[in-house]
Amino acid sequence: MKNLVKRMLLMLVFSTSLISCGSETGGNGSADLPDFPATPGDKDSWEYLKDETGKVEEWDLEWYVNDSTFAWNSYGSDRVSQVLKEKTGANIKFTVPVTDDGQKLSTLISGNKLPDIISVQCWYSQCSQLASQGYLYALDDLIEKWAPSFKAKEQEDIWSYFTEGDGKCYGVPNFAYSTKYVNDTDKMEPNGCLMVREDWYNEALAEGYDMTSATSFINGCKFIQSKHTDCIPFQLDAFTNEGNESIDWLSQYFCAPFEDKDGNYLDTRTTERYQEMLEFLNNCHKQGIIKSANYSDKASAIRTNISRGKCFVTAVTPQDYQTAYLNAYGSNINYVPLILRNKDNQAPILQDISGNGYLLTMITKNCKNPHKAIKLLEYLYSEEGQRLVAFGVEGESYQWDNPEHTSLSWTDRYVSGVNGNTEDQAWINTLGLFSMTLQMNLAYINKYKPLNGRKDTDIYIDNMKRPLTPYSYNFKPTFLKHDTSKPNYFQTITNYNKIKTKWAEALVEIIRSNNWKETYDNAINYAKRQKLDDVISFYSESYKNTKKLLNVEFGYPQNRPDYHEPTWKGPHGDFSYWRSKTHE
Amino acid sequence: MIPLLSKKKINPYQAALSEISPLAARHKKKKITRSNIELLVMVSLGIIFIAVFAYLPMFGLILAFKSGDGYLNIMDAIFKSQWAGFDNFAAFFEDPDFKDVILNTIGLNTLQLCINFPLPIIFAILLSELPWKRIRKVIQVITYFPYFLSWIIYGGIILALINSDGIVNTILINLGIVDEAVNFGEAQYFWATIIITSLLKGMGWGSIIYVAAIAGIDPQLYEAADMDGATRWHRIIHITVPSIAPTIVLFFILSVSGILNNGFDHIWTFQNQINLARSEVLDTFIYKYGVVNLQYSYTTAAGFFKSVVAIVLLGVGNFIAKKTTGNGVF
């Protein structure tokens, strides 16, 4: 028996040592590139994927997208994916998580099972960690060797923002608004906002509730609730372990700053304006205008509520619930923006839709064909690739209006399909437009988007938030650029994650509390015990670095020397920003 | 099924059994024959399975004593991180959530032990008392079926039934029991939801083993009891229950040792931001901080703590069972 135990122990030690020998540990981010031949830079790199006969060899690529809502269902059969394959040869297999709790990504990382390419939310700490722990190829290295033509296409400001401490960039984001296509001074619509059901709002207005102050808002909601008993007076977004987006947008309505007058970083949660907003929400809860189900409902339930037109006021991110608003619009229920002001009657300071991106696409060191993957990314990143994924194929679904290529229009066939021709409508469905969003550059696409043949619903959805444009500002300094080489980086992120998870729980408790201030103080004290001060100190440094990178002295709009409160005083914003059938 | 043996009480039947059992002759040296090799090969598969999936991963427990948080690759966390002694355990015990997490885990499981453990036994007894075979089979099929659905699907159906627009609220409102829809997602309903859904899904399946045990009882015992004028109640109390007592004890001991184990997918399906005060249990806590936030060391310490408690409970459960019924698993 003793011998048996000894043998088993020996086997265990042997097996463990085998596992440890076989484990693929990261290494560093040095340019240890595979030995594929270099690509010249005299033409677009993807052109070199063709052989002498002009054909492109097929190759397989696995692409993980860390967003459960991403779906390219028609991949392989639609026109866009066919052209993409003709150009690059890529046979892409996409995988997405079932839920958005980060579990799938964590499992892939912890087991070193990352596929060829991954697209991860650019603000996730894993992006920098993956780069610093050697799981990713530096795009600069790949570009230098296999896609020199990519260099000229780079959006420098975005590229520079995502450059890590070692001076290399490891990922390209989608939905980033580069100064290459949008000026910093250009006014854009807000990211999230309050929307109110117009017909019911007019009923409340007739009773004297314009709902632009906290008291009037609550009274207006109560009035509508009494009149339409089945309605949801105030619909907030889903409460998750990440927090609640509605609370972010509302704090902007109440002008909760993220920077003090001297330009130093502030933890928004500790500001008086943020507390004023929490008190407002607490009052909303006490008055019964936030339904109990709102605290446990998932996004799908909220989507149904909006679709049915049950919500009087919504505080969600409208683009995330676009289909729901369209469904309501289909039933003649129209939502318009609403301006709510803090107790000092200040105009809202809303975050505009521009940012440094959403999903950061990175090529992992498990990638079997990095020399081809970088060419694929270059194609998707290029203006030609952008037009393909958004508008289809030139001459088939869109065309240039002039030889200078300054504007586009849809082809007659496309317009015919949009106008209801059954055959052409079916053809449009086979195009696969706006499916491949992983390298999408909305700044470019919005600039060139054809405006002919648009329907009422397109105009409605495009313009929903535009009247709030005067109140929207660039919040780019809040996209903090952390120095991942600092020794306390990992610990700070760990503490930050703990605080974030607990704060998400506390938000619900504060809103539902009989004594919101006491609950709030307890939550702040908990955060302090989890070293909130250290986190803020680290973030303050990151904030300074980010502002330096963006070359701005002040980040918060009210602190900027050129800030002027909008003169427009209407409850729904300025409708002169509404875009109709032609470009402004 | 092998009878549960007690060292103190060996009945003549068991003694006779041991005479012919290979276990009794285990000290006698025998030559390895071909049929032995076949048996060894067959059993080795099970041993390899247990070694690879149960013993080998135990090496990962080393993480509980290292500072592996912040590493992305779990192997890096094991081999490259520094030793941390008992720091991770101390951090877990000092965590403000520790008390609530343990309270929820033990509270919910104790309730489940008190309610969900005896009900399948009662259900099996009632089922066996049904005189109509066909109806008995129909009931069995109906009650077994939910077990084969995953918690995600089954939970999704339940959530749809109990949401504010669901059929449960509609019935409650129409019967005048409540004035407005009840939010069953609130913390005060969580434990009840878990226990009821657990029963609905698992009671039928959980009763299978007892139905089988009851079926194995000698019918002559019931016939003799009938002749002696025993009522149905007497038959249950004096024949059925004592006959299945060893099975009940075995499952009771196993249930006690699993008192810190909650069905993760069950809890996770019904958990939301407002019921965390009652729904955060060790399994979900470890998942959130370990898997999602990549705090490997911290949560390995939490998992280690759970395993140690489970082993202690197994021992205590076994000891109590032996003392009270004379039966145990070791």
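Quick caveat: nothing in here was measured; it's all calculated off a predicted structure.

### Brief notes about the packing of helix α5 (residues 98-115) of chain B against helix α10 (residues 190-206) of chain B
Residue and element names in this part refer to chain B.
Now for step 1: Two numbers describe how α5 lies on α10: the axes approach to 10 Å, and their chain directions differ by 40 degrees. In terms of axis orientation, α5 runs oblique to α10. The two elements α5 and α10 meet at a crossing, and its hand is right-handed. Touching Leu108, Leu111, Gln112 and Ile115 of α5 are Trp191, Ile194, Ile195 and Ser198, all from α10.
Now for step 2: Broken down by class, the residue content of the contact of α5 with α10 amounts to six nonpolar, two polar and no charged.

### Side note on the pairing of strand β1 (residues 59-65) of chain A
Residue and element names in this part refer to chain A.
Now for step 1: Across six bridges, the pairing between β1 and strand β2 (residues 90-95) is parallel. Bridging from a neighbouring strand, Asp60 pairs with Asn91 of β2.
Now for step 2: A crossover links β1 with its parallel partner β2, the connecting element being helix α2 (residues 79-88), and its sense is right-handed.
Now for step 3: Pairing geometry for β1 and strand β3 (residues 117-121), over three bridges, is parallel. Pairing of Tyr64 across the sheet is with Ile118, part of β3.

### Quick notes on the interface of chain B and chain A
By a widespread convention, an interface's size corresponds to the accessible area lost as its parts come together.
Now for step 1: Counting residues at the interface gives 26 residues for chain B and 36 residues for chain A.
Now for step 2: When contributions to the side of chain B that touches chain A are tallied by element, the ones reaching two or more residues are α3 (74-80) and α16 (282-292) of chain B.
Now for step 3: Among the elements that line the side of chain B that touches chain A, the one with the most residues is α3 of chain B, at four residues.
Now for step 4: Its residues placed into classes, the side of chain B that touches chain A shows 13 nonpolar, 10 polar and three charged.

### Description of unusual backbone geometry
All names here are of chain A.
Now for step 1: Backbone geometry at Asn112 places phi at a positive 50 degrees, although glycine is not the residue there.
Now for step 2: Its place among the elements puts Asn112 in the loop between α3 (103-110) and β3.
Now for step 3: On the basis of neighbour count, Asn112 is assigned to the partly exposed category, with 19 C-beta atoms found within 10 Å.
Now for step 4: Within the chain, Asn551 stands out as a residue other than glycine whose phi angle is a positive 60 degrees.

### Here's the deal with the packing of helix α12 (residues 322-330) of chain A against helix α18 (residues 456-463) of chain A
Residues and elements named next belong to chain A.
Now for step 1: In the contact formed by α12 and α18, the axes pass within 11 Å of each other and the chain directions differ by 130 degrees. One element, α12, and the other, α18, form an angle in the oblique class. Relative to α18, the crossing made by α12 is right-handed. Along its contact with α12, which presents Gln322, Tyr325, Leu326 and Tyr329, the element α18 presents Thr457, Tyr460 and Ile461.
Now for step 2: Of the residues belonging to the contact of α12 with α18, the class tally is five nonpolar, two polar and no charged.

### Here's the deal with the sheet that holds strand β8 (residues 335-337) of chain A
Adjacent strands of a sheet form backbone hydrogen bonds with each other and so pair up, either parallel or antiparallel.
Residue and element names in this part refer to chain A.
Now for step 1: Read across the sheet, four strands follow the order β6-β7-β5-β8 without closing on themselves; strand pairing throughout is mixed. This sheet does not close on itself; its edge strands, each paired only once, are β6 (232-235) and β8. This sheet shows a mean twist of 25 degrees between the axes of neighbouring strands, independent of strand direction.
Now for step 2: Bridge analysis of strand β5 (residues 195-197) against β8 gives three bridges, and the strand direction is antiparallel. Residue pairing across strands places Met195 opposite Pro337, the latter belonging to β8.
Now for step 3: The sheet contacts of helix α7 (residues 198-206) involve β5, β7 (311-314) and β8, and relative to β5 the element is tilted by about 80 degrees.

### Notes on helix α17 (residues 296-325) of chain B
Residue and element names in this part refer to chain B.
Now for step 1: Compared with an ideal rise of 1.5 Å per residue, which puts 30 residues at 44 Å, α17 spans 42 Å between its outermost C-alpha atoms and is within 8% of the ideal.
Now for step 2: Turning to α17, its buried residues are Tyr296, Ser297, Tyr298, Thr299, Thr300, Ala301, Ala302, Gly303, Gly317, Ala321 and Lys322.
Now for step 3: Buried residues along α17 sit in contact with α3, α4 (87-94), α13 (232-257) and α16.
Now for step 4: Just downstream of α17 lies Gly326, where phi reads positive at about 85 degrees.

Criteria and thresholds
Residues numbered from 1 in each chain as written. Chains lettered and ligands numbered in written order. Predicted model: local features only at pLDDT ≥ 70, side-chain atom pairs only at ≥ 80, totals over all residues. Axes fitted to C-alpha atoms, helices over the stretch in contact; angles between N-to-C directions. Helix = DSSP H or I, 4+ residues; strand = E, 2+ residues; numbered from the N terminus. Parallel < 35°, antiparallel > 145°, perpendicular 65-115°, else oblique. Left-handed = near helix turned anticlockwise from the far one by under 90°. Contact = placed C-beta atoms within 7 Å. Nonpolar A, V, L, I, M, F, W, Y, C, P; charged D, E, K, R; others polar. Pairing = 2+ DSSP bridges. Right-handed = clockwise from strand over helix to strand, strands pointing away. Buried ≥ 20, exposed ≤ 12 C-beta atoms within 10 Å, placed from the backbone. Expected span 1.5 Å × (residues − 1).

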